[in-house]
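Reading the structure
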Amino acid sequence: MIEKRQASSFYAYFEPEEKSTIDQMVGFFNRVVYRHQPILTDFLDPGQRNILKTVVGKDLVVQEFGGYQNAEKKRVWISLDWQELALEDFLVTPCEVNYPSKFAKLNHSAILGSLANSGVEVDTFGDIITDGNGRWQFFVKTTLLNFFTEQITRIGRNQVRILPIDQKDVLIPEDDSREATIIVASLRLDAVLAGLSNQSRGQVKAAITQRNVKLNWHVVQDSNIIVKVADIFSLRHFGRSEIVNIVTTKKGKYRVVLKLWQTKKNK
């Protein structure tokens, strides 16, 4: 028999700010175990899903879908046993923003701001994507579709209509990342971030202390962490990076190749 989880037993593995998320994920686990009923969560970001998977371990089955391949935010189906799910079971509806694109421009931050300030929680909608040519789409909980289509009528100064679309009409998102290569003497997190952002290690350490740095979607406060290939980290106001490759140079330094998504306020 699967035993009830205690949230406090997971606190030591994560930062204090994530206690409420740990409590929520442990609550999901215990509900599935004791009610013998699956749960479909709201949209969870990668950090939240990481906590969920840590809590669940191998005791429950976790399946996820966010509306398209490589979605960042996803709804998660948690169950005692494996169930063959269709995409429709995740209750994710893609929507397109209809607006006069010949005369107006939208950007990610404006759309996010309008959705976040509409009166719903941010976990009721998923990713916001664009093809880079003026088309914008986002994903919502199907049960709240009417709210989004009826209540979101303006984004910034632009009048818009939110229209549900078929799954087959979901965009292939624009990849606005670029590749960057840096040479660093150490693979410590602060050294790599300093080399990437052109800031001093002291400035980066201050940012880490101020909880402005995330590693693999979690706030970190340790400058000494050694980063590795596939790690994803972000520095507030600078952007997000993923380590693609690390090679040791002849002089004993490290050539680090990264995929970089810089913060673009006008994007």
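Our structure's up above, just so we're on the same page.
First, a word on scope: everything that follows refers to the structure included in this document.

**Notes on the packing of aromatic side chains**
Counted by the stated rule, this structure contains five aromatic pairs. Judged by centre distance (5.8 Å) and plane angle (50°), the rings of Phe65 and Phe90 are tilted. One end of the pair, Phe65, is in strand β2 (residues 61-65); the other, Phe90, is in the loop between β3 (74-79) and β4 (92-98), and 25 residues separate them in sequence. Judged by its relative accessible area of 5%, Phe90 is buried. An aromatic cluster of at least three residues, connected via ring pairs, comprises Phe125, Phe138, Phe147 and Phe148. Over the ring of Phe125 we find Lys73, and its NZ or CZ is 4.9 Å from the ring centre.

**Some thoughts on the sheet that holds β3**
As a general point, the strands of a sheet are linked pairwise by backbone hydrogen bonds and lie either parallel or antiparallel. An order of β1-β3-β2 is seen for the three strands of this open sheet, with the pairing classed as antiparallel. The strands lining the two open edges of the sheet, one partner per strand, are β1 (39-44) and β2. Between one strand axis and the next, the sheet turns by 25° as a mean value, whatever way the strands run. With five bridges connecting them, β2 and β3 associate as antiparallel partners. Note on β3: the bridge partner recorded for Phe65 is Arg75. Across the face of the sheet, helix α1 (residues 19-35) comes into contact with β1 and β3 while running at roughly 165° to β1.

**With respect to the pairing of strand β6 (residues 136-141)**
Along β6, six of the six residues are buried, which leaves the element largely enclosed by surrounding structure. With five bridges joining them, β4 and β6 adopt antiparallel strand pairing. Looking at the pairing, Val92 lines up with Lys141 of β6. Note that strand β5 (residues 125-130) and β6 share four bridges and pair antiparallel. Bridge pairing in β6 places Thr130 opposite Trp136.

**Points about unusual backbone geometry**
Look at His36: it is not a glycine, yet its phi comes out positive at around 55°. Inspection of the secondary structure puts His36 in the loop between α1 and β1. Backbone geometry at Trp217 places phi at a positive 80°, although glycine is not the residue there.

**Focus on the environment of Lys168**
By the element assignment, Lys168 lies in the loop between β9 (161-164) and β10 (178-184). For the pair formed by Lys168 and Ala12, sequence separation is 156 residues and the distance between their alpha carbons is 43 Å.

**Overview of the side chain of Arg5**
Within the secondary structure, Arg5 sits in the segment before α1. Here Arg5 is in contact with Phe10, Val26, Phe29, Asn30, Val55, Val56 and Asp59, once residues within four sequence places are set aside.

**What to know about helix α3 (residues 108-116)**
Looking only at α3, the buried set comprises Ile111, Ser114 and Leu115. Buried residues along α3 cover an arc of 95° about the axis, so they all sit on one side.

**As for the nonpolar core**
Membership of the largest hydrophobic core comes to 23 residues, with the highest contact counts inside it found for Leu189, Leu196, Val213 and Phe233. Listed by contribution, the elements that provide at least two residues to this core are β10, α5 (189-197), α6 (201-209), β11 (213-215), β13 (232-235) and β15 (254-262). Per-element accounting of this core gives the leading share, five residues, to α5. Contact partners of Leu196, with chain neighbours within four places excluded, come to Ala180, Ile182, Phe233, Phe238, Ser241, Leu258 and Leu260.

What counts, and where the lines are drawn
Residues numbered from 1 in each chain as written. Predicted model: local features only at pLDDT ≥ 70, side-chain atom pairs only at ≥ 80, totals over all residues. Heavy atoms only, no water. Phe/Tyr/Trp six-rings, centres within 6.5 Å; stacked < 30°, edge-to-face > 60°. Helix = DSSP H or I, 4+ residues; strand = E, 2+ residues; numbered from the N terminus. Buried < 20%, exposed > 50% of the residue type's maximum accessible area, 1.4 Å probe, protein only. Lys NZ or Arg CZ within 6 Å of the ring centre and 35° of its normal. Pairing = 2+ DSSP bridges. Axes fitted to C-alpha atoms, helices over the stretch in contact; angles between N-to-C directions. Contact = heavy atoms within 4.5 Å. Arc of directions from axis to C-beta. Core = buried A, V, L, I, M, F, W, Y, C linked by side-chain atoms within 4.5 Å.

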